[in-house]
Amino acid sequence: MEKKGGLMEWLDKRLAIETLWKVMMAEYYLPKNINFLWSFGVLTMLVFVILVVSGIILLMYYKPDAKMAFDSVNKTIMMDVAFGWVFRHVHAVGASVMFLVLFIHIGRGIYYGSYKAPREVVWITGFILFVLMSATAFTGYLLPWGQMSYWAAQTITTLFAKIPFIGPDLVIWIRGNYIVEDATLTRFFALHVTFLPALILVFTAIHLYAVRIVGSNNEDGIPMTKEEKKKNGIPFWPVFMAKEYFVMSVFLLFFFYLVFFNYKFAMDPINFQPANYLQTPPHIYPEWYFLAFYEVLRGFFFSETLGLIGFVLSMFLPLFLPWLDTSPYPYVSGKHRPLFKIMWWIFVADFIALTILGKLPPTGLFAWLGFVASIVYFLFFASLPIISYIEKKKVASGGGQ
Amino acid sequence: MAEEKVSRRDFLLYAMGGWAAVGLGGVLYAMYKTWEPLPEVKAAGIVRFDLSQVKPGELKVVQWRGKPVFVLRRTPDMGKCENRSIANEYTVVVGICTHLGCIPNWETDKKIFKCPCHGGEFDACGVNIFGPPPRPLEIPPFKLEGTTIVLGETGPEYEKMMKG
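Rules used throughout
Residues numbered from 1 in each chain as written. Chains lettered and ligands numbered in written order. Predicted model: local features only at pLDDT ≥ 70, side-chain atom pairs only at ≥ 80, totals over all residues. Heavy atoms only, no water. Pairing = 2+ DSSP bridges. Helix = DSSP H or I, 4+ residues; strand = E, 2+ residues; numbered from the N terminus. Axes fitted to C-alpha atoms, helices over the stretch in contact; angles between N-to-C directions. Contact = heavy atoms within 4.5 Å. Buried area = accessible area lost by both parts, 1.4 Å probe. Salt bridge = Lys/Arg side-chain N within 4 Å of Asp/Glu carboxyl O. Polar contact = N/O pair within 3.5 Å; in protein donor to acceptor, adjacent residues only side chain to side chain. Nonpolar A, V, L, I, M, F, W, Y, C, P; charged D, E, K, R; others polar. Parallel < 35°, antiparallel > 145°, perpendicular 65-115°, else oblique. Left-handed = near helix turned anticlockwise from the far one by under 90°. Phe/Tyr/Trp six-rings, centres within 6.5 Å; stacked < 30°, edge-to-face > 60°. Buried < 20%, exposed > 50% of the residue type's maximum accessible area, 1.4 Å probe, protein only. Lys NZ or Arg CZ within 6 Å of the ring centre and 35° of its normal. Core = buried A, V, L, I, M, F, W, Y, C linked by side-chain atoms within 4.5 Å. Disulfide = S-S within 2.5 Å.

Draft legend 1. Expanded view of the sheet that holds strand β9 (residues 142–145) of chain B. Residues and elements named next belong to chain B. Read from one edge to the other, the open sheet built from three strands follows the order β1-β10-β9, with strand pairing classed as antiparallel. Sheet topology places β1 (47–50) and β9 at the edges, where each strand pairs with a single neighbour. In this sheet, neighbouring strand axes are inclined to one another by 25° on average, regardless of whether the strands run parallel or antiparallel.

See below:
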């Protein structure tokens, strides 16, 4: 970028690429007190690129038709296309790993208080990206048209029937049939490969733009001006990215280890049976990344309606974090908030417990454990206004930070 | 307000905006309609079945909207089926367990529907009598035309059943 003359200068005169580069990369400063958890944002973009590239290759042989879909994946792509299996496993493992990276990225944002003012827009766009990514994963999971694909889609679309008044008609509208059928497959395919990725790109752009306006948070949650960061911090390019390349390399080792030696975790054996609408598998469960939310749905085992309300809340409550947590502490990081820290680690443990319970049959003791774990999930969100209140009192009496 | 005059420029803006809103509404409506089930799917959603072809004590399975519908012609020893009886002697229910959606089997000797997944049992009326199912088997919307049952349309018999 330093070079003058030639193509770069020609472009700069017409597109001001030098200014753009400075704003986005070379003069975007990060504080020094960040840790390796801050590298997961760029990792999500790396995984997204991997998913798009592998997805385009799969697109060339996949057939979005109820009669052809299963064979186009399990025969054509897996057996006939040279290296087709690599791209399929990369895509399936990539989807799984995307959520691992996202959970860490989101968890870092919560623990260090990155959702708090002035970063609400970063948080909201990030939340929208999570919802879009979930929708993309859900629509994509139907495409191989195996038994688990089919019954996962059948079960989740049935949930919409519980919406008052319009529910039953809405389900038929979403499916384009009375059951999940060819129409459903083709429209899920269309959403999966065009509409949803396009929206993800748009919101990624807003997300990155917003983070460049308000700047990165840091480990201690100290508010810093741009000038302070410029003086004491590091530029995104080349210093931060130099470290990021190392993290990326380690990550890719892990990623390709999964792709080549451990891909089976992303391939459910039941999904190697073609979809059959007259035969329900005895045990239906989603992929691991939805298990926690799914367990909240099942956790209220005595009432379907409560379970559904809990399920919707469990997914959408995080959006309201900036307004649930109104603590006046100027240092927003959970590192300096003992009460918050306790609730946070309970929440993390609970999320893992829900994920494990989500795969177990919902009977006997597990049903009750699921119920308790579902309640604990909401305790974190319920505790935030209380913690904020206590911290407000502390600040008023001269304590706190 | 009376004194405020809508300028020519404002008028044009409102007119254009309004017209664009109508256009957008039309486009959204058309997009909404494209997702509705196709005519052939809707037509296949209504199934006719002649009840008289079922012999007493026999169970027939009819496919309706991708679901199995059990048609059982009951014998007197199978009970009266309060408010669940169709044409006095038939049980017509969606053959999907109300627990987790498996398909129960009809056990002729015991005269019950037994679910292979979690052992739920339903009597000959389709009412849950044992195990985890929370509700009786669902009765599909139907209409009676003589001895023919039309699945997917609601007749007076069905409405009466749902009320009581």
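Draft legend 2. Local environment of the interface of chain B and chain A. Each partner contributes residues to the interface: chain B has 21 residues there, and chain A has 14 residues. Taken over both partners, the interface formed by chain B and chain A buries close to 1500 Å², and the fraction arising from carbon and sulfur atoms is 65%. There are one salt bridge connecting chain B and chain A. Linking chain B with chain A are four residue pairs in polar contact (both at pLDDT 80 or more). Contributions of two or more residues to the side of chain B that touches chain A are made by α1 (8–34), α2 (39–44) and β3 (67–73) of chain B. Counted by class, the side of chain B that touches chain A contains ten nonpolar, six polar and five charged residues.

Draft legend 3. Expanded view of the packing of helix α3 (residues 40–59) of chain A against helix α9 (residues 182–214) of chain A. All names here are of chain A. Direction vectors running N to C along α3 and α9 enclose 155°, while the axes themselves pass 12 Å from each other. With respect to α9, the axis of α3 lies roughly antiparallel. Crossing of α3 against α9: the hand is left-handed. Along its contact with α3, which presents Met45, Phe48 and Leu59, the element α9 presents Phe189, Val193, Pro197, Ile200, Leu201, Thr204 and Leu208.

Draft legend 4. How the structure looks around the environment of Pro140(B). Residue placement: Pro140(B) occurs in the loop between β8 (128–130) and β9. The contact partners of Pro140(B), leaving out residues within four places of it in the chain, are Trp64(B), Val69(B), Val92(B), Val93(B), Val94(B), Leu151(B) and Tyr158(B).

Draft legend 5. Summary view of the sheet that holds β3(B). All names here are of chain B. Overall, antiparallel pairing links the three strands, which are arranged β2-β3-β4 in an open sheet. Two strands in the sheet have a free side with no partner beyond their single neighbour: β2 (59–64) and β4 (90–94). Looking at each pair of strands side by side, their axes are set apart by 20° on average, direction ignored. The sheet contact formed by β2 and β3 spans six bridges and is antiparallel. Residue pairing for β3: Trp64 is matched across the bridge by Lys67.

Draft legend 6. Looking closely at the packing of aromatic side chains. Throughout the structure, instances matching the rule amount to 54 aromatic pairs over all chains. For the pair Phe36(A) and Phe40(A), a centre-to-centre distance of 5.8 Å together with 70° between the ring planes defines the contact as edge-to-face. Relative accessible area serves as the criterion here: at 55%, Phe36(A) is assigned to the exposed category. Assessed through its relative accessible area of 9%, Phe40(A) is described here as buried. With a centroid separation of 6.1 Å and an interplanar angle of 45°, the aromatic rings of Tyr111(A) and Trp344(A) are classed as tilted. Taken together, the positions of Tyr111(A) in helix α5 (residues 84–111) and Trp344(A) in helix α15 (residues 338–359) put the pair 233 residues apart, joining distant regions of the chain. One cation-aromatic arrangement involves Arg187(A) over Trp35(B); the distance from NZ or CZ to the ring centre is 4.4 Å. Across the ring face of Phe236(A), the terminal group of Arg212(A) is positioned such that the distance to the ring centre comes to 5.2 Å.

Draft legend 7. The arrangement of the nonpolar core in detail. Counting 80 residues, the largest nonpolar core has Phe99(A) and Phe380(A) as its most contacted members. The dominant element in this core, judged by the number of residues it contributes, is α5(A), at twelve residues. Of all hydrophobic cores here, the second largest spans 30 residues; its members include Val71(B), Cys97(B), Trp106(B) and Phe122(B).

Draft legend 8. Here's a closer look at the environment of Pro286(A). Residues and elements named next belong to chain A. When you line up the elements, Pro286 lands in the loop between α11 (236–261) and α12 (291–299). Take Pro286: its relative accessible area is 16%, and that puts it in the buried class. With 73 residues separating them along the chain, Pro286 and Lys359 place their C-alpha atoms 8.3 Å apart. For Pro286, the contacting residues outside a window of four places in its chain are Leu291 and Tyr294.

Draft legend 9. Spotlight on the state of the cysteines. Residue and element names in this part refer to chain B. Applying the stated criterion across every chain yields a total of one disulfide over all chains. Here Cys81 pairs with Cys125 through a disulfide, and the sulfurs are 1.8 Å apart. Looking along the S-S bond of the Cys81-Cys125 disulfide, the torsion reads about -90°, which is the left-handed sense. Of the two residues, Cys81 is situated in the loop between β3 and β4 and Cys125 in the loop between β7 (121–122) and β8; the sequence distance between them amounts to 44 residues. In this structure, Cys81 and Cys125 share a single accessibility class: buried. With no disulfide of its own, Cys97 lies 4.1 Å from the sulfur of Cys115, the closest cysteine sulfur. We classify Cys115 as buried; its relative accessible area is 4%.

Draft legend 10. Region of the structure containing the pattern of salt bridges. Under the criterion given, the structure shown has 19 salt bridges over all chains. In this structure, Lys13(A) engages Glu9(A) in a salt bridge whose closest nitrogen and oxygen atoms are separated by 3.6 Å. With Lys13(A) and Glu9(A) both in helix α1 (residues 6–15), this residue pair falls four residues apart, about one helical turn. What makes Glu9(A) partly exposed here is its relative accessible area of 31%. A salt bridge links Lys143(B) to Glu153(B); the shortest N-O distance between them is 2.9 Å. In this pair, Lys143(B) is assigned in strand β9 and Glu153(B) in the loop between β10 (148–151) and α3 (156–163), connecting sequence segments ten residues apart. Owing to a relative accessible area of 23%, Lys143(B) belongs among the partly exposed residues under this scheme.

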